[in-house]
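A look at the structure
Now for the letters of each chain:
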Amino acid sequence: MKKRYFLCLGLLFCHSIMAHIDDVEEKSHSIIAQSEQHDSSIVDKGITIVSLAPHLTEWVFSLGLGNNLLGVSDYSDYPAAAQSLPRVADYQGADIAAIVALEPDLVLAWEGGNKPQDVQKLTAMGLNVFSTKITHISDIPKALLQLGERTGTSHLASQLATHFLAQLGDLKNKYRSEKPRPVFYYTWSSPLMTVGPNAWANKLLSVCGAKTLFDDSPVDYPQVSVKEVLIRQPDVIVAASHQSTNELENFWAPHRPYIKAPLVAVNPDITSRFSLRLISELNVLCKGINN
């Protein structure tokens, strides 16, 4: 309690930090909503775009370019308008012929998600490919700024990036801890899959003053047993799942006599996607872990 008091410099200052976080988040949502409602009014309507990843599709809409999209990848489900667009890429790769036929001015690719050979083919065929690699959370606003420069939406991109970084900074300051809390973060129960120290989800946990329970894993997504979880005793259990809370609790019910860690559920479509919505879900995650 003394450390919390000292860091916050008094209860009133803590309240001001929380109010600031809420205010910044509200402003960010407002900017994103406005950009999605005015899809192509802020740029040259002639530019046409193909997106090869769901988060890239979201970026396009956030920059007010939704009406300029000719095709998107599978799982491009947000915002709702993206769901009706033609699919030109899936887990097997990009449909090169379909993309070329669309004659887009710009193709957005994800380095680490799209096949390198597909990107090379598209480039070799003369298409303008904008490829980004996201390693850290802070890379999201950086890449958005670059996309803004390529699409003539630099002003809006700057606004969105600034708000994103402000919210991220506030969360880090609020939940910073010298001793990260051990959290069992799992994405699948059969088999039981968790995350290692270098996994994307562990970077989210670090924002919340926590770390994966299996931070000694040599792989990013290890398969573990319930027994191992019980032995290690996490402070919190986080399920990145679409299942209901009751369904999730039913899995842990037989083991509750041996593990008391509270269960927190987060939306895997957001926590695993490099979109601006990540900040809102980070709020859910951090509050759940530190409640």
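Our subject is the structure listed above.
In what follows, the accompanying structure is described. (Residues numbered from 1 in each chain as written. Predicted model: local features only at pLDDT ≥ 70, side-chain atom pairs only at ≥ 80, totals over all residues. Heavy atoms only, no water.)

Regarding helix H7 (residues 154–175)
Our working definition: In this description a helix means any DSSP run of H or I spanning at least four residues, a strand means any run of E spanning at least two, and both kinds are numbered starting from the N terminus. One less than the residue count of a helix, multiplied by 1.5 Å, gives the span that helix is expected to have. Categorising residues by exposure relies on relative accessible area from a 1.4 Å probe, with only protein chains included: less than 20% of the type maximum marks a residue as buried, more than 50% marks it as exposed, and the intermediate range marks it as partly exposed.
Taking 1.5 Å of rise per residue, the 22 residues of H7 would be expected to cover 32 Å, and the 31 Å separating its terminal C-alpha atoms lies within 8% of that figure. Within H7, burial applies to Leu 156, Ala 157, Leu 160, Ala 161, His 163, Phe 164, Gln 167, Leu 168, Asp 170, Leu 171 and Tyr 175.

Considering the environment of Pro 268
The following threshold applies: Any pair of residues with heavy atoms lying within 4.5 Å of one another is described as a contacting pair.
Locating Pro 268 in the fold gives a position in helix H11 (residues 268–271). Distance from Pro 268 to Ala 201, taken between C-alpha atoms, is 10.0 Å for residues 67 residues apart in sequence. In contact with Pro 268, other than residues within four places in its own chain, are Ala 240, Ser 241 and His 242.

Focus on the state of the cysteines
The condition is simple: Cysteine sulfur atoms that pair up within 2.5 Å are treated as a disulfide.
Enumeration according to the criterion identifies one disulfide in this entry. Put simply, Cys 208 and Cys 286 are joined by a disulfide, and their sulfur atoms are 2.0 Å apart. Every disulfide takes its handedness from the sign of the S-S torsion; for Cys 208 and Cys 286 that torsion is -75°, giving left-handed. Taken together, the positions of Cys 208 in the loop between helix H8 (200–207) and strand S9 (210–212) and Cys 286 in helix H12 (residues 278–290) put the pair 78 residues apart, joining distant regions of the chain. By relative accessible area, Cys 286 is classed as buried at 0%.

Regarding unusual backbone geometry
For the peptide bond that leads from Tyr 78 to Pro 79, omega is -5°, which places it in the cis range. Secondary-structure assignment places Pro 79 in the loop between strand S2 (69–73) and strand S3 (87–90). The omega angle of the peptide bond from Ser 190 to Pro 191 is 0°, so this bond is cis rather than trans. Locating Pro 191 in the fold gives a position in the loop between strand S7 (181–189) and strand S8 (192–194). The backbone of Tyr 75 shows a phi angle near 70°, a positive value even though the residue is not glycine. Of note, the phi angle at Glu 103 is positive, near 50°, even though the residue is not glycine. Tracing the sequence through the fold places Glu 103 in the loop between helix H4 (96–102) and strand S5 (106–110).

Comments concerning the pattern of salt bridges
Test applied: We define a salt bridge as a contact between a side-chain nitrogen of Lys or Arg and a carboxyl oxygen of Asp or Glu at a distance within 4 Å.
All chains considered together, the criterion is met by seven salt bridges. A salt bridge links Asp 215 to Lys 211; the nearest nitrogen and oxygen atoms lie 3.2 Å apart. Exposure remark for Lys 211: the relative accessible area of 31% places this residue in the partly exposed category. Salt bridges sharing common partners tie together Glu 58, Asp 77, Arg 273 and Arg 277.

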